[in-house]
Amino acid sequence: MMHTVLPRIFLDIWQLGFLQRAFLAGLVVAAVCPAVGLFLVVRRLSLLGDCLAHVSLAGAALGLAVGVNANLGAMLAALGAATGLEYLRRAYGRQADLALAVTMAGGVGVAAVLTGLGRVNLTVVMGYLFGSLVAVNREELLLIAMIGGAVAVTLFVFYHKLFYLALDEEGARAAGIPAGPLSLCYLLLAGAAVSLTMRLVGALLLASLLTLPAACALALAQSFRQALLLSIAFAETATVAGLVLAYYLGTAPGGTIVLSAIGLLLLVLCFKPLMLYYRRRKQEGE
Amino acid sequence: MRAVLEVHGLEFGYYHQPLLRDVTLAVYRGEVVMLTGSNGAGKSTLIKLALGLLPPWRGEIRLFGEDLHRFRQWSRLGYLPQGTNNGFFTSFPASVAEVVGANLLSSGWRLWRGRAAAERVQQALTAVGLEALAPRSVGSLSGGQQRRVLLARALVNAPELLFLDEPLAGVDAEAAHRIAELLLRLNREGMTIVLASHGNGTLEEAASRIFRLERGRLELRKIGHGRAEAGN
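Residues numbered from 1 in each chain as written. Chains lettered and ligands numbered in written order. Predicted model: local features only at pLDDT ≥ 70, side-chain atom pairs only at ≥ 80, totals over all residues. Heavy atoms only, no water.

> Describe in detail the overall build of chain A, supporting the description with residues and values.
When you go through chain A residue by residue, the secondary structure sums to 13 helices and 0 strands. Written out in order from the N terminus, the α and β elements of chain A read α-α-α-α-α-α-α-α-α-α-α-α-α. At 20 Å, chain A has a C-alpha radius of gyration in line with the 19 Å of a compact globule built from 286 residues. Structurally, chain A occupies a C-alpha span of about 65 × 60 × 30 Å along its principal axes. Burial statistics for chain A: of 286 residues in total, 51% are counted as buried. Sequence-distant contacts, at least 24 apart, represent 74% of the contacts inside chain A between residues at least 6 apart. Carbon together with sulfur atoms contributes 69% to the accessible area of chain A, which is approximately 13100 Å² in total. Here chain A contributes 18 positive and 12 negative side-chain charges, whose respective centroids are spaced 2 Å apart. (Helix = DSSP H or I, 4+ residues; strand = E, 2+ residues; numbered from the N terminus. Rg over C-alpha atoms; globule rule 2.2 N^0.38 Å. Buried < 20%, exposed > 50% of the residue type's maximum accessible area, 1.4 Å probe, protein only. Contact = heavy atoms within 4.5 Å. Areas by Shrake-Rupley, 256 points an atom, 1.4 Å probe, with all protein chains shown as cover. Lys, Arg positive; Asp, Glu negative; His and termini not counted. Charge placed at Lys NZ, Arg CZ, Asp CG, Glu CD.)

> Just give me the short version of the overall build of chain B, but keep the residues and values in it.
Summing up its helical and strand segments, chain B has 6 helices and 10 strands in all. Sorting the 232 residues of chain B into buried and exposed places 55% on the buried side. Within the structure as shown, chain B displays about 10600 Å² of accessible surface, and the carbon and sulfur contribution to it stands at 48%.

> Explain the sheet that holds strand S9 (residues 209-214) of chain B to me, using residue names and the numbers behind them.
Residue and element names in this part refer to chain B. Taking strand neighbours across the sheet as the criterion, the 6 strands line up as S6-S7-S8-S3-S9-S10 in an open arrangement whose pairing is mixed. Of all the strands in the sheet, just strand S6 (77-80) and strand S10 (217-223) have a single pairing partner and so form its edges. Between one strand axis and the next, the sheet turns through 15 degrees on average, direction left out of account. Direction of pairing for S9 relative to S10: antiparallel, over a ladder of 6 bridges. Paired with Arg-212 across the two strands is Glu-219, which belongs to S10. Together, S6 and strand S7 (161-165) form the strand contacts of helix H4 (residues 143-155), whose direction differs from that of S6 by roughly 170 degrees. (Pairing = 2+ DSSP bridges. Axes fitted to C-alpha atoms, helices over the stretch in contact; angles between N-to-C directions.)

> Account for the state of the cysteines, naming residues and giving values.
Per the stated rule, a full pass over the model turns up 0 disulfides over all chains. Among the cysteines around A:Cys33, which has no disulfide bond, A:Cys216 carries the closest sulfur, lying 15 Å off. (Disulfide = S-S within 2.5 Å.)

> Can you tell me about the packing of aromatic side chains, naming the residues and giving the values?
Overall, the coordinates contain 13 aromatic pairs over all chains when judged by the stated rule. Measuring from ring centre to ring centre gives 6.4 Å for A:Tyr159 and A:Phe163, while their planes differ by 10 degrees; the resulting arrangement is stacked. With A:Tyr159 and A:Phe163 both in helix H8 (residues 159-167), this residue pair falls 4 residues apart, about one helical turn. Residue A:Tyr159 is classed as buried on the basis of its relative accessible area, which comes to 4%. Taken together through their ring pairs, the aromatic side chains of A:Phe39, A:Tyr159, A:Phe163, A:Phe224 and B:Phe92 make up a single cluster. If you follow B:Arg76 out to its NZ or CZ, it ends over the ring of B:Phe64, 3.9 Å from the centre. (Phe/Tyr/Trp six-rings, centres within 6.5 Å; stacked < 30°, edge-to-face > 60°. Lys NZ or Arg CZ within 6 Å of the ring centre and 35° of its normal.)

> Please provide a residue-by-residue account of the packing of helix H3 (residues 48-66) of chain A against helix H4 (residues 70-92) of chain A, values included.
Residue and element names in this part refer to chain A. Their axes nearest at 7 Å, the elements H3 and H4 cross at an angle of 135 degrees. Here H3 is positioned oblique relative to H4, judged by the angle of their axes. Crossing hand, H3 versus H4: right-handed. Taken together, the residues of H4 that come into contact with H3 (itself represented by Leu-48, Cys-51, Leu-52, Val-55, Ser-56, Gly-59, Ala-60 and Leu-64) are Ala-70, Gly-73, Ala-74, Ala-77, Ala-78, Ala-81, Ala-82 and Leu-85. (Parallel < 35°, antiparallel > 145°, perpendicular 65-115°, else oblique. Left-handed = near helix turned anticlockwise from the far one by under 90°.)

> Talk me through unusual backbone geometry; I want residue IDs and the actual numbers.
Residues and elements named next belong to chain B. If you check the backbone angles, Asp-22 has positive phi at about 50 degrees while not being a glycine. Assignment of secondary structure puts Asp-22 in strand S2 (residues 17-28). Notably, Arg-215 is not glycine yet its phi reads approximately 50 degrees, a positive angle. Topologically, Arg-215 is positioned in the loop between S9 and S10.

> Explain the pattern of salt bridges to me, using residue names and the numbers behind them.
Residue and element names in this part refer to chain B. Per the stated rule, a full pass over the model turns up 12 salt bridges over all chains. Here Glu-11 makes a salt bridge to Arg-58, at a shortest N to O gap of 3.1 Å. Note that Glu-11 is positioned in strand S1 (residues 3-14) and Arg-58 in strand S4 (residues 58-63), a separation of 47 residues in sequence. Residue Arg-58 is classed as exposed on the basis of its relative accessible area, which comes to 53%. The salt bridge partner of Arg-212 is Glu-214, with a shortest N-O separation of 2.7 Å. Taking relative accessible area as the criterion, Arg-212 reaches 24% and is therefore assigned partly exposed. (Salt bridge = Lys/Arg side-chain N within 4 Å of Asp/Glu carboxyl O.)

> Account for the sheet that holds S2(B), with residues named and values stated.
All names here are of chain B. In space, the 4 strands of this open sheet follow the order S2-S1-S4-S5, with antiparallel pairing throughout. Of all strands in the sheet, those bounded by a partner on one side alone are S2 and strand S5 (66-67). Taken together, the 5 bridges between S1 and S4 define a ladder with antiparallel strand orientation. Paired with His-8 across the bridge in S4 is Glu-60. Relative to S1, helix H1 (residues 43-50) is tilted by about 120 degrees, and along the sheet it contacts S1, S2 and S4.

> How would you summarise a nonpolar patch on the surface if you had to cite specific residues and measurements?
Among the surface-exposed residues, A:Val153, A:Phe156, A:Val157 and A:Phe158 lie close enough to one another that they form a single nonpolar patch of about 320 Å² accessible area. Structurally, A:Val157 is set in helix H7 (residues 138-157). (Patch = residues over 30% accessible without salt bridge, like charges linked within 9 Å, V, L, I, M, F, W, Y side chains within 5 Å.)

> Describe the interface of chain A and chain B, naming the residues involved and giving the relevant values.
If you look at the interface, chain A gives 26 residues, while chain B gives 30 residues. Summed over both partners, the interface of chain A with chain B comes to about 2700 Å²; 63% of that surface belongs to carbon and sulfur atoms. Its largest share of buried area at the contact with chain B, chain A owes to A:His160, A:Leu167 and A:Glu170, together 23% of the area lost on that side. Our count for the contact surface shared by chain A and chain B stands at 2 salt bridges. On the surface where chain A and chain B come into contact, there are 9 residue pairs in polar contact (both at pLDDT 80 or more). Those elements that place two or more of their residues in the side of chain A that touches chain B are H7, H8, helix H9 (169-174) and helix H12 (224-249) of chain A. (Buried area = accessible area lost by both parts, 1.4 Å probe. Polar contact = N/O pair within 3.5 Å; in protein donor to acceptor, adjacent residues only side chain to side chain.)

> Summarise the environment of A:Arg279; cite the residues concerned and give the values.
When you line up the elements, A:Arg279 lands in helix H13 (residues 253-285). Through-space distance from the C-alpha of A:Arg279 to that of A:Phe23 is 36 Å; in sequence the pair is 256 residues apart.

This is the structure we're talking about:
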């Protein structure tokens, strides 16, 4: 059975441009988003993805309403919200999650009002809500590759400083790290990652792709670098598995990718006690 | 001789309530200066102000002769923050070596730092007696062990001026003795140490000067036998 099934998808990827673009976009997003997501999770900002996704939806709707590129609208809205969130986060201090609630409500409100005005094509908005990976065109693929590349380079260059800031903000500041600008950098990276992922799985499922691979990695990793590499590996696996399953089962690619990631998480959680047992035995042996 | 730390006319408080009033202090190279005082007296706050972690209401702070606002040679400083009873890192996914290496910011921006950085991390961990735990997850260590990891992080750059906030809190007696011996050795080799403490026999004996913070004022309580090249 397998020898007849596998070649079909390879042949189709070879021949069909939309499948090639879907896989390429998926692989880029799966390389970048979990890395950003891991930093968000360890800084206890897991809900930030959801918040920025809702604001991006408003940005996309606004872009459609005024007749400019919806992707550009989504990205600008996400980056603008990320900047505003940093200000609100500092203003509210310990109640920083209020800033997320306020921003998320604002995003949904704007999207609902614009959709209600009838100036926005509902089908397009649904595409942003649930994702439409197979509809990614050449220009969008290029945009995803450019943003993904910029996020990856920023993470690579500032890796040690971002790590230190996530680990211990006070210690990082005492070591001369400019916490304010770098915290803003975190949020801008998240904004860029959100605008990337939006096309893949949609606003409703977006946060899951930022946090699920990190959740898988955190269950196994013993160091931050391990967690980073594992979260990327899990995201790539879930994306490829999700796209292949969606191809054969005829299901929505975004939802299938997210369900694949959840399947991986369940596998990891089942495997974890065994791994902890062997790790304990190894430590006792040392 | 120039002071490595100068604080002049410092005033600071929380929520409009003054905590430190007109605090003036100069710490000279090679000294061990101990800040004592009851809980909430402002010992940790004074250290945080000296490191630029809090903005003073009034006053001037200079590090190695340079105004704090212009100071950029952060690797000349080491800082051990005050710990908590539950340990510093509860669920952060980092190895002990990563936590210690976090302070090696001057060693470049590459994801993999290379052998020299790894050796400095190992040396710092050996100094605090945790060399065998380098690959372990820091969250799996006890509160006292995490405190020693943080001390190794403070020492990894071989700083000239070390700020320690309750360095021996939560550390068992054997490790406390070892850390006190280590700090005294580093001081003999030229490291200047400013520490906030409720009092520890070994470190107290070694202190060049002991100050007490009371009602926001810094009062000199004792001039010790410690290795002070100069005093004010």
